[in-house]
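Results of the structural survey
Spelled out, the chains give:
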Amino acid sequence: MFYGGGTGVAFLAFAALATLYAGDPDGAHTLNAAGLAHAVSPTMRSWGSYVAGEIESAIGHAALAEQHYVRAIDLARTSGAPFIVGVATVGLVTVRATAGHVDDALRGYRDVFD
């Protein structure tokens, strides 16, 4: 399989999201894990962490999703990837709100809008 550094890792992450949205979280996990195994840069690792958060969120594992989203945000900030910071922050506050942590979620939305 062609990984092509960052490009190949990104393709696997996008494929994982598409697979998740098509209703196959196990397949999504497999694709994302393959991408993360080849991710070297903080940006690609943050993208993979974001996708992992989406997968865990979709299957109801809020605590794991939160961990992945926080890691994605931290790595994306380190590498200067504001898009990933944004989408991971939205995922994070959604998981927090769904888990009943409304005050934390509302504080987190400030980061999304600022």
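For the structure itself, look to the data block above.
On a predicted model such as this, the values are computed, not experimentally measured, just so you know. As a convention, each chain's residues are numbered from 1 in the sequence order in which they are written. Given that this is a predicted model, residues contribute local features only at a pLDDT of at least 70 and side-chain atom pairs are listed and counted only at 80 or more, while totals for whole chains, interfaces and linings are drawn from all residues. The side-chain values count all of the structure's non-hydrogen atoms but skip hydrogen atoms and water molecules.

A run of H or I in DSSP counts as a helix once it spans at least four residues, and a run of E counts as a strand once it spans at least two, with each numbered from the N terminus. Counting its secondary structure elements, the protein chain contains six helices and zero strands. Helices (α) and strands (β) of the protein chain occur, in sequence order from the N terminus, as α-α-α-α-α-α. In the protein chain, which comprises 114 residues, the share counted as buried stands at 39%. Counting only contacts in the protein chain whose residues sit at least 6 apart along the sequence, the fraction spanning at least 24 positions is 46%. Only protein chains enter the accessibility calculation, which uses a 1.4 Å probe; a residue is then buried when its area is under 20% of its type maximum, exposed when over 50%, and partly exposed in between. Residue contacts are counted whenever heavy atoms from the two residues lie within 4.5 Å of one another.

With that settled, consider the packing of helix α2 (residues 25-38) against helix α3 (residues 42-58). Lines fitted to the C-alpha atoms define the axes, with helices restricted to the stretch that makes contact. Angles between their N-to-C directions range from 0 to 180 degrees. With their axes 10 Å apart at the nearest point, α2 and α3 run at an angle of 165° to one another. Classed by the angle they form, the pair α2 and α3 counts as roughly antiparallel. The chirality of how α2 crosses α3 is left-handed. Taking contact as the criterion, the partners of Pro-25, Ala-28, His-29, Asn-32 and Leu-36 in α2 are, on α3, Arg-45, Gly-48, Ser-49, Val-51, Ala-52 and Ile-55. For the contact of α2 with α3, the class distribution of residues is six nonpolar, four polar and one charged. Working rule for angles: under 35 degrees goes down as roughly parallel, over 145 as roughly antiparallel, 65 to 115 as roughly perpendicular, anything else as oblique. Less than a right angle of anticlockwise turn of the near helix away from the far helix marks a crossing as left-handed, whereas a clockwise turn marks it as right-handed. Nonpolar residues are Ala, Val, Leu, Ile, Met, Phe, Trp, Tyr, Cys and Pro. Charged residues are Asp, Glu, Lys and Arg, and all others, Gly as well, are polar.

With that settled, the discussion passes to helix α4 (residues 62-79). One fewer than the residue count of a helix, multiplied by 1.5 Å, yields its expected span. An ideal rise of 1.5 Å per residue puts 26 Å on 18 residues; α4 measures up with 26 Å between its terminal C-alpha atoms. Those residues of α4 not exposed but buried are Ala-65, Tyr-69, Ala-72, Ile-73, Leu-75 and Ala-76. Elements in contact with the buried residues of α4: α3 and α5 (82-98). The positive-phi residue at the C-terminal boundary of α4 is Gly-80, with phi of around 70°.

This part covers the packing of aromatic side chains. Two rings from Phe, Tyr or Trp (for Trp, the six-membered ring) form a pair when their centres sit within 6.5 Å of each other. Planes less than 30 degrees apart are called stacked, planes more than 60 degrees apart edge-to-face, and all others tilted. One pass over the full model with this rule turns up four aromatic pairs. Consider the rings of Tyr-50 and Tyr-69, whose centres lie 6.2 Å apart with planes at 40°: the pair is tilted. With Tyr-50 in helix α3 and Tyr-69 in helix α4, this residue pair connects regions lying 19 residues apart in the sequence. Just as Tyr-50 is buried, Tyr-69 falls in that class too.

Moving on: the pattern of salt bridges. Note on definitions: salt bridges are taken to be side-chain nitrogens of Lys or Arg within 4 Å of carboxyl oxygens of Asp or Glu. Following the criterion strictly, the structure yields one salt bridge and no others. Put simply, Glu-66 and Arg-96 hold a salt bridge, and the shortest N to O gap is 2.9 Å. A residue pair is termed long-range when its members are at least 10 positions apart, and Glu-66 in helix α4 and Arg-96 in helix α5 qualify at 30 residues. What makes Glu-66 partly exposed here is its relative accessible area of 26%.

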